[in-house]
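Architecture at a glance
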Amino acid sequence: MEQKKILIITYYWPPAGGPGVQRWLKFAKYLPDFGWKPIIYTPENPSYPLLDETLMKDVPENIEMVRTKIWEPYQLAEKLNKSNKKFKAGQFDVGKNQSWKSKLSIWVRGNFFIPDARVFWVKPSIAFLEKYLKENSIDTIVTSGPPHSLHLIGLGLKNKMPDLKWITDFRDPWTEISYYKHLKLTKSSDKKHRQLESAVFKNADITLATSYTDAENFRKAGANAVCITNGFDESDSSKKAEEQKGEKANPQATSKMFTLSYIGVLEQLRNPDNLWKALDELIRENVDFATDFKLKFVGRIDDKILQSIENSSLKNHILNLGYLAHGKAVEEMQNSDLLLITNFPNESSKGIIPGKIFEYLASGKQILSFGPEKADVAKILEETQAGKHFSYQDTETVKKFVLEKFELWKNGSLLENTQHIEQFSRKNLTQQLTEVLK
């Protein structure tokens, strides 16, 4: 039986690193198992904030790739201010950390490049893909954002080819994402963002959301929205982690130090100051904790956050490994005792489910989470019994939770007992996707 073709329009593809590349890389890996042939359309000369060559091993053998050149203004922005490199990953300085150059760069980014700086790829891609789709008999496409400018490629193609089935995938919200309000938008720019978002929602055949709340919000905004979360790939987890699930963790065997790890990018808008305060107090008050505690960072941590931590008693307890290849990052998760995840603090972000939570779940380790109350992350942690979710106002309860886990670790009885996680396997999620594609 001949496989059905699906064109996946994505900016992020190996050797891009970070969470943005994982979702459609994994879907593409498993789609052939369910009768679909994925074809990838991506820039020939992208400007990625992170690189991870090891992800190339997950690219399906002989997958069809289609590439065209893109022009991006990031080189100009970086000449104006070196910190503008953060823009490529959706990060920037906030509040008192903003210089006048940062403020100017943010204003330009928000008002001149709508919806984002990859917008210059939209018109050339529409012209190229209209011909390509017809010549190759492809009637189903996916646009994945951010960058949300890629959804405008889908919108343009849908306008030209009304019978085209268009699935728009929102890995993060557009106007409802937390940093949107920090873009210093004029009224006319805000209006344009919202008009474009509305046009995408109303014209796409299906809108995919990565969280339950986002799907509900997208439906309210006029989208035919379905939630398919991110997940974990069993092949990324070591046999050792699988064997240890449900068993007692021996502190001598797992690690010599009680290790709290943060894996990924940590920017100022998701900085858990209350956690640093709680840890600082524990180190000052508890000799055993001070002797055995280690705070490990794997990924890109904002310089301002590191400076703040290093001015506390945490200074001598930090292990900052920087960005590691994905496989190595997974190993570091498994070599930890407690895993940290943070979300934006405002209520509008309660639907964001950071992708790494699923790999955290697969590691079997307990998770310490921060974000708004009644967040989707809290629902997942409750269902899987994998940890606890806190608000950014909690300090004493956070302190109590960490100390409780430390005492269990010290006694050799810190359990790894997550459950009901198979629903989040990449293969099962791909099967859900193919049900939507029918």
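See the structure printed just above.
Now for a quick tour of the structure. None of the values given here were measured: they were computed from a predicted structure.

A few words now on the overall build of the protein chain. Helices and strands together make up the secondary structure of the protein chain, namely 17 helices and 15 strands. Taking contacts inside the protein chain between residues at least 6 apart in sequence as the whole, the part at least 24 apart equals 76%.

Next up on the list: the packing of helix H5 (residues 149-160) against helix H6 (residues 187-203). The contact between H5 and H6 brings their axes to 10 Å, and the two run at 55 degrees. Between H5 and H6, the crossing angle belongs to the class labelled oblique. Between H5 and H6 lies a crossing whose hand is left-handed. Between H5, through His 151, Leu 152, Leu 155, Lys 158 and Asn 159, and H6, the contact on the second element is made entirely by Leu 196, Ala 199, Val 200 and Asn 203. Looking at the contact of H5 with H6 residue by residue, the class counts come to five nonpolar, three polar and one charged.

Take helix H7 (residues 212-220) next. Of the residues making up H7, those classed as buried are Thr 213, Asp 214, Ala 215 and Phe 218. Contact partners of the buried residues in H7: strand E5 (165-170), H6, strand E6 (206-209), strand E7 (225-227) and helix H15 (376-384). Sitting at the head of H7, Ser 211 places a side-chain oxygen 3.1 Å from the backbone nitrogen of Asp 214. Two residues or fewer past H7, Gly 222 is found with a positive phi of approximately 105 degrees.

Glancing now at the nonpolar core. Counting 62 residues, the largest nonpolar core has Leu 7, Ile 9, Ile 153 and Leu 157 as its most contacted members. Membership of the second largest hydrophobic core comes to 31 residues, among which are Leu 282, Leu 295, Val 402 and Leu 414.

Tallied over the full model, the rule gives 24 aromatic pairs. Grouped by ring-pair contacts, the aromatic residues Phe 258, Phe 289, Phe 293, Phe 406 and Trp 409 constitute a single cluster. Cation over ring: Arg 270 sits above Phe 344, and NZ or CZ is 5.9 Å from the ring centre. Between Lys 379 and the ring centre of Tyr 212, over which it is positioned, the NZ or CZ distance is 4.2 Å.

Calculation rules
- Residues numbered from 1 in each chain as written.
- Predicted model: local features only at pLDDT ≥ 70, side-chain atom pairs only at ≥ 80, totals over all residues.
- Heavy atoms only, no water.
- Helix = DSSP H or I, 4+ residues; strand = E, 2+ residues; numbered from the N terminus.
- Contact = heavy atoms within 4.5 Å.
- Axes fitted to C-alpha atoms, helices over the stretch in contact; angles between N-to-C directions.
- Parallel < 35°, antiparallel > 145°, perpendicular 65-115°, else oblique.
- Left-handed = near helix turned anticlockwise from the far one by under 90°.
- Nonpolar A, V, L, I, M, F, W, Y, C, P; charged D, E, K, R; others polar.
- Buried < 20%, exposed > 50% of the residue type's maximum accessible area, 1.4 Å probe, protein only.
- Polar contact = N/O pair within 3.5 Å; in protein donor to acceptor, adjacent residues only side chain to side chain.
- Core = buried A, V, L, I, M, F, W, Y, C linked by side-chain atoms within 4.5 Å.
- Phe/Tyr/Trp six-rings, centres within 6.5 Å; stacked < 30°, edge-to-face > 60°.
- Lys NZ or Arg CZ within 6 Å of the ring centre and 35° of its normal.

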